[in-house]
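# An overview of the molecular structure
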Amino acid sequence: MSAESINILIALSSWAIVIVTIILVTKQIRTAKKDLQIRTLMAYEEKFDSESMLKDRKKLAEQLRDNAVHKEIRENVMNFFESLGMLLKRKAIDKKMVWGTFSYYCIYWYEISKGHIKDEQALNDNDETLFADFRYLAETMYVLDEKEKAKKKNKEAKMDLRKQDIDRFRDDEISVI
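Below or above, wherever it landed, is the structure these notes cover. (Residues numbered from 1 in each chain as written. Predicted model: local features only at pLDDT ≥ 70, side-chain atom pairs only at ≥ 80, totals over all residues. Heavy atoms only, no water.)

### Things to note about the overall build of the protein
Looking only at helices and strands, one finds six helices and zero strands in the protein. Scanning the protein from its N terminus toward the C terminus, one meets helices and strands in the order α-α-α-α-α-α. Taking 16 Å as the expected radius of gyration for a compact globule of 177 residues, we find that the protein reaches 24 Å, considerably beyond that expectation. Along the first, second and third principal axes, the C-alpha set of the protein runs to 90 × 40 × 35 Å. Within the protein, buried positions represent 35% of all 177 residues. Pairs at least 24 residues apart make up 74% of the contacts formed inside the protein by residues separated by at least 6 positions. (Helix = DSSP H or I, 4+ residues; strand = E, 2+ residues; numbered from the N terminus. Rg over C-alpha atoms; globule rule 2.2 N^0.38 Å. Buried < 20%, exposed > 50% of the residue type's maximum accessible area, 1.4 Å probe, protein only. Contact = heavy atoms within 4.5 Å.)

### Things to note about the side chain of Asp56
Checked against the element boundaries, Asp56 lands in helix H2 (residues 51-65). For Asp56, the side chain forms a polar contact with the side chain of Arg74, separated by 2.4 Å. Setting aside anything within four residues of it in sequence, one finds Asp56 in contact with Arg74, Asn76 and Val77. (Polar contact = N/O pair within 3.5 Å; in protein donor to acceptor, adjacent residues only side chain to side chain.)

### Focus: the nonpolar core
The biggest cluster of nonpolar side chains holds 37 residues, and the ones touching the most others in it are Phe81, Leu84, Val98, Trp109, Phe134 and Met141. Elements with a minimum of two residues in this core: helix H1 (3-48), H2, helix H3 (76-89), helix H4 (95-123), helix H5 (132-151) and helix H6 (163-174). Here this core gets ten residues from one element, more than from any other, and that element is H4. If we ignore the near neighbours within four places in the chain, the residues touching Phe81 are Phe48, Tyr105, Cys106, Trp109, Asp133, Phe134 and Leu137. (Core = buried A, V, L, I, M, F, W, Y, C linked by side-chain atoms within 4.5 Å.)

### Structural notes on the packing of H2 against H4
Running from amino to carboxyl end, H2 crosses H4 at an angle of 40°, the nearest separation of the two axes being 10 Å. With respect to each other, H2 and H4 are oriented oblique. Classified by chirality, the crossing of H4 by H2 is left-handed. Between H2 and H4, the contacting residues are Arg57, Leu60, Ala61 and Leu64 on the first element and Tyr105, Trp109, Ile112, Ser113 and His116 on the second. (Axes fitted to C-alpha atoms, helices over the stretch in contact; angles between N-to-C directions. Parallel < 35°, antiparallel > 145°, perpendicular 65-115°, else oblique. Left-handed = near helix turned anticlockwise from the far one by under 90°.)

### Things to note about the environment of Ala138
Relative to the elements of secondary structure, Ala138 occurs in helix H5. Measuring from C-alpha to C-alpha, the distance between Ala138 and Trp99 comes to 9.8 Å, with 39 residues separating the pair along the chain. Ala138 has contacts with Cys106, Ile107 and Tyr110, leaving out every residue within four places of it along the chain.

Read these as layout, nothing more, since geometry by itself doesn't imply function.
What follows is the structure, encoded as structure tokens:
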């Protein structure tokens with residue numbers, strides 16, 4: 001084997017090593033990103049089920065049911081979903097994982113909070129950016145819910161939330177703690 005052949009073989013081997021390294025690094029980055037998404041979602045799930053959030057959920061459900069004075073309403077639950085929506089919009093968490101974990105709560109909390117959100121926006125020069133990520137999250141969950149129901153050939157793929165279902169959800173949240 002000539003020196004030139006050896007040099008070509010070494011060059012090709014070097015390129016093969018570079019390509020394999022790039023593939024492995026890319027796979028490692030994807031794995032790390034998925035791991036971070038899972039850990040983030042688990043932290044959100046832990047926060048949502050924490051005693052303080054259960055109390056906040058109960059309090060907000062009571063306040064919305066009782067038409068509390070706007071400035072007295074605690075927005076911790078809405079802020080939770082606003083934050084989750086922001087992460088989803090920026091693709092920092094996986095849409096299907098969020099759907100599987102929070103869609104039910106997100107959809108109902110958005111429905112029972114809509115009036116307060118509209119009032120909050122009106123009080124701030126009709127600023128529709130307020131709770132926009134919560135709205136984005138809820139709308140995304142609606143769409144995914146419809147798709148998942150359609151996949152299961154459910155004839156009622158639309159999210160038709162009846163007032164009685166919304167009221168039942170609110171009352172269930174009141175009784176969580």
